[in-house]
Amino acid sequence: MIPPIANNFVAGETEAEALDHVEELNERGVKGILNLLGEHYDDRADADADADAYIDLADGLARRDLDGCISVKPSQIGLEVSDIAFEENLARIVEAADCFVWVDMEDHDTVDRTLDAFERHARETDGNVGVCVQANLKRTGDTLERLADCPGKVRLVKGAYDPPAEIAYKEKSKVDEMYREYLTYMFEEFDDGIAVGSHDPAMVEFAQELYEDHGTPFEIQMLTGVRESAQFELADEYEVYQYIPYGSKWFSYFYRRIRERKANALFALRAIVSP
Ligand code: FAD
């Protein structure tokens, strides 16, 4: 069972709990992006099992008539097993899912294979697939030019991995500057399908300003347990999605959330001292 402090950042261990969470969010105007926790599988059977779980999950969203979609990690559905395993599992998910399918972006050396797979499916489904791109990678300007004419959505994030300095911006201020630059390009060049994947109030405000100037539709995406009151407030005016991790592999995800921010660590400590 997930302890209450970790429960803040994950929606439970089971599909049913995750779907209940989406239902509660929907009642408050926020949509859900479900992510079954799991990554870096080197065994095809594990990758196939999680692909099956995503197909069930998408079916659950449709059965319960929930406003939500799914987001898969390439290394969870076979990228580190073989290109064929990844391709076959992504194709199975995209074909079976009666909902939008996001593809998360992982380490820098997976970007080409992830983009190629995304583009193929985005064109085949006329845009029912989205991909994440990372503002800390120097190549992302070229990536966005490539994706501008491709159907499907693009989620811009700052980047959660640690790529080598030759290919990535390392200073936070530079990453923020590039985030703004890339977002501006997206609002100017994309017809729709822009997702702002950030908790940063400055980036969200910047997106709001770009929307005022250009009118290009966009959505805001934040994680479960992070700035949730802002998510509900923003949902009064904008399309807001909460990215919802769930599943039995919750501990390492929770640990990452605690390590990345002092406020989260203090929150966890307070819950332990006075539960
Ligand atoms: P930061 O730059 O970390 O912080 C800026 C400001 O935001 C802070 O000063 C504070 O005001 C506010 N803030 C940030 N965190 C908190 C918090 N916990 N509580 C309160 N305020 C806070 N990365 C990938 O590499 N690949 C992916 O596929 C991917 N998908 C993502 C999907 C979503 C929906 C989101 C939200 C993030 C995703 N990320 C992904 C992670 C992303 O790359 C960043 O590592 C992460 O979002 C932190 O950057 P930030 O823009 O939110 O804010």
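In this report, the structure presented in the accompanying data block is examined. (Residues numbered from 1 in each chain as written. Predicted model: local features only at pLDDT ≥ 70, side-chain atom pairs only at ≥ 80, totals over all residues. Heavy atoms only, no water.)

Thoughts on the side chain of Q221
Topologically, Q221 is positioned in strand β7 (residues 218-223). Once you skip the residues sitting within four places of it in the chain, Q221 turns out to touch I33, W102, R155, A195, V196, G197, S198 and Y241. (Helix = DSSP H or I, 4+ residues; strand = E, 2+ residues; numbered from the N terminus. Contact = heavy atoms within 4.5 Å.)

Details of the environment of L144
On the secondary structure map, L144 appears in helix α6 (residues 140-147). It is 9.8 Å that separates the C-alpha atoms of L144 and L156, two residues lying 12 residues apart in sequence. Once residues within four sequence positions are removed from consideration, L144 is found in contact with V133, V154, Y182, Y185, M186 and F190.

So, the packing of helix α5 (residues 111-124) against α6
The N-to-C vectors of α5 and α6 enclose an angle of 15°; their axes lie 12 Å apart at closest approach. The orientation of α5 relative to α6 falls into the category roughly parallel. The chirality of how α5 crosses α6 is right-handed. Of the residues in α6, those in contact with L115, D116, F118 and E119 of α5 are T143, R146 and L147. For the contact of α5 with α6, the per-class residue count stands at 3 nonpolar, 1 polar and 3 charged. (Axes fitted to C-alpha atoms, helices over the stretch in contact; angles between N-to-C directions. Parallel < 35°, antiparallel > 145°, perpendicular 65-115°, else oblique. Left-handed = near helix turned anticlockwise from the far one by under 90°. Nonpolar A, V, L, I, M, F, W, Y, C, P; charged D, E, K, R; others polar.)

Treat this as a map of the structure, not an account of what it does.
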